[in-house]
Amino acid sequence: MKKRIASIILVIILALIPCLPALAEGNSTVTITMATDKDIDIILEPILWNIGDVEPNTEYVTDPYAKWCTITNEGNCVVDIRIKGEDAVWVDNPSAYTWQLSSDNTTAKRKYALLYHIAQDDADSYTPITTIDTQMKHVKKGYEINGKPLTLIGHDDKAYFGLKLLTPNPDFAVDGGGYFYASGGGRKMETTITISAVAA
C-alpha cells in the first residue's frame, strides 16, 4: 500500500517540475504565420474538337501521343484534375433532339459515349467520361501509377490527353444503311467537356 502512494506522489512531482521554471521566467508567446492564398488556375489547348460529319455506330479518336490537348497548371499549388461530360444537343433546337451521354461506355439510339486517354498510359486504355464530375486517373497496368490521380505538381507542369467519341446507333435504317434524323442540310450536334482543378 505504501509503494502505491509513493508512486502517485512521484508522478505528481514530475508533472510539476517543468512548470516551476516557466513560472519564474514569466510569459512568452509563439507566433504562427500561415499563407492561405492558393491560386488554382489551369489552361487547356485546344478548346475545340471540330469533328465534322459523323456516321452512326462510328468511333472518332484524337491522337493522345501527338499531345492533342494540353493541360497546363498556371497556379501556385499542386492540383488534381477532374473531368465531366454532358449530353450532346442539336445546336439550333437543344430541347428537340439530344444524345444522352453514356454512363457505362455503351451506345444505343440517341446514346453516345465519350472517353479520355492520358498520354503515356497504356495503349488503348480509355476511361469513360460521364455526367458526374470525376477524378482523372492514369491507366498503366502492372505499375504503381495505375489508378493514380492525374496531378499537376506546380506552376507550368503539363499533362496531355486525347478523346474518343462513339456515336449513337442510327435513328432509322433505309436499304441496309443507318442514318440520323436530319433537318434540311443536317443537324449540328454539340457537347461540352469540363476540365477542372482542385487543390491536391
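Everything discussed here concerns the structure shown above.
Asks: For the packing of aromatic side chains, give the residues involved together with the corresponding values.
Replies: By the definition in use, this model includes six aromatic pairs. Ring geometry for tryptophan 68 versus phenylalanine 161: centroids 6.4 Å apart, planes at 85°, classification edge-to-face. Residue tryptophan 68 is located in the loop between strand E2 (59–61) and strand E3 (69–73), and its partner phenylalanine 161 is located in strand E11 (residues 158–166); the two are separated by 93 residues in the primary sequence. Judged by relative accessible area, phenylalanine 161 falls into the buried class, the value being 4%. Every member of this aromatic cluster is reached through a ring pair, and the members are Trp49, Trp68 and Phe161. The cationic tip of lysine 164 hangs over the ring face of tyrosine 126; the distance from NZ or CZ to the ring centre is 4.2 Å. The cationic tip of arginine 187 hangs over the ring face of tyrosine 97; the distance from NZ or CZ to the ring centre is 4.2 Å.

Asks: Please provide a residue-by-residue account of the side chain of lysine 111, values included.
Replies: By secondary structure assignment, the location of lysine 111 is in strand E7 (residues 111–118). Of the polar contacts made by the side chain of lysine 111, one reaches the side chain of threonine 106; its length is 3.1 Å. Setting aside chain neighbours within four positions, we find lysine 111 in contact with Gln100, Ser102, Asp104, Thr106 and Pro168.

Asks: Now, about the layout of surface pockets: what can you tell me, with residues and values included?
Replies: If you add up the space inside the largest pocket, you get close to 1100 Å³. In this structure, the largest pocket is lined by 37 residues; those nearest its centre are Trp49, Ile51, Met189, Glu190 and Thr191. Counting only elements with at least two residues in the lining of the largest pocket, the list comes to E7, E11, strand E13 (177–179) and strand E14 (189–190). For the lining of the largest pocket, the element with the most residues is E11, which contributes three residues.

Asks: Requested: an account of the pairing of strand E6 (residues 98–101), with residues and values cited.
Replies: Only one face of E6 is covered, namely the one carrying Trp99 and Leu101; the face carrying Thr98 and Gln100 has none of its residues buried. In this structure, strand E5 (residues 88–90) lies alongside E6, joined through two bridges in antiparallel fashion. Within E6, the residue paired with valine 89 across the bridge is threonine 98. Here two bridges tie E6 to E7, and the two strands are oriented parallel to one another.

Asks: Can you break down the nonpolar core residue by residue, with the values?
Replies: In globular proteins that are soluble, nonpolar side chains generally tend to be buried together. Grouped together as the largest cluster of nonpolar side chains are 28 residues, with contacts concentrated most on Ile71, Ile81, Tyr116, Met136, Phe161 and Ile195. Of all the elements in the fold, those that place two or more residues in this core are E3, strand E4 (79–84), E5, E6, E7, E11 and strand E15 (194–199).

Asks: Lay out the pattern of salt bridges with the relevant residues and their values.
Replies: Taken as a whole, this structure holds five salt bridges when the rule is applied. Close ionic contact of lysine 111 with aspartate 104 constitutes a salt bridge, the shortest N to O distance being 3.6 Å. With its nearest N and O atoms 3.3 Å apart, the salt bridge here joins lysine 158 to aspartate 156. Owing to a relative accessible area of 36%, lysine 158 belongs among the partly exposed residues under this scheme. Judged by its relative accessible area of 43%, aspartate 156 is partly exposed.

Asks: Which residues make up the environment of threonine 72, and what values go with them?
Replies: Along the chain, threonine 72 turns up in strand E3. Here threonine 72 falls in the buried class, since its relative accessible area comes to 9%. A sequence separation of 27 residues divides threonine 72 from glutamate 45, and the C-alpha atoms of the two residues are 8.6 Å apart. Side-chain polar atoms of threonine 72 contact the side chain of lysine 158, separated by 3.4 Å.

Thresholds, definitions, all that
Residues numbered from 1 in each chain as written. Predicted model: local features only at pLDDT ≥ 70, side-chain atom pairs only at ≥ 80, totals over all residues. Heavy atoms only, no water. Phe/Tyr/Trp six-rings, centres within 6.5 Å; stacked < 30°, edge-to-face > 60°. Helix = DSSP H or I, 4+ residues; strand = E, 2+ residues; numbered from the N terminus. Buried < 20%, exposed > 50% of the residue type's maximum accessible area, 1.4 Å probe, protein only. Lys NZ or Arg CZ within 6 Å of the ring centre and 35° of its normal. Polar contact = N/O pair within 3.5 Å; in protein donor to acceptor, adjacent residues only side chain to side chain. Contact = heavy atoms within 4.5 Å. 1 Å grid on protein atoms, 1.4 Å probe; cavity = no way out; pocket = protein on both sides within 12 Å on 5 of 7 lines; lining within 4 Å. Points joined across faces, edges and corners; volume = space filled by probe spheres on them. Pairing = 2+ DSSP bridges. Core = buried A, V, L, I, M, F, W, Y, C linked by side-chain atoms within 4.5 Å. Salt bridge = Lys/Arg side-chain N within 4 Å of Asp/Glu carboxyl O.

Any functional reading would require information that these geometric values do not contain.
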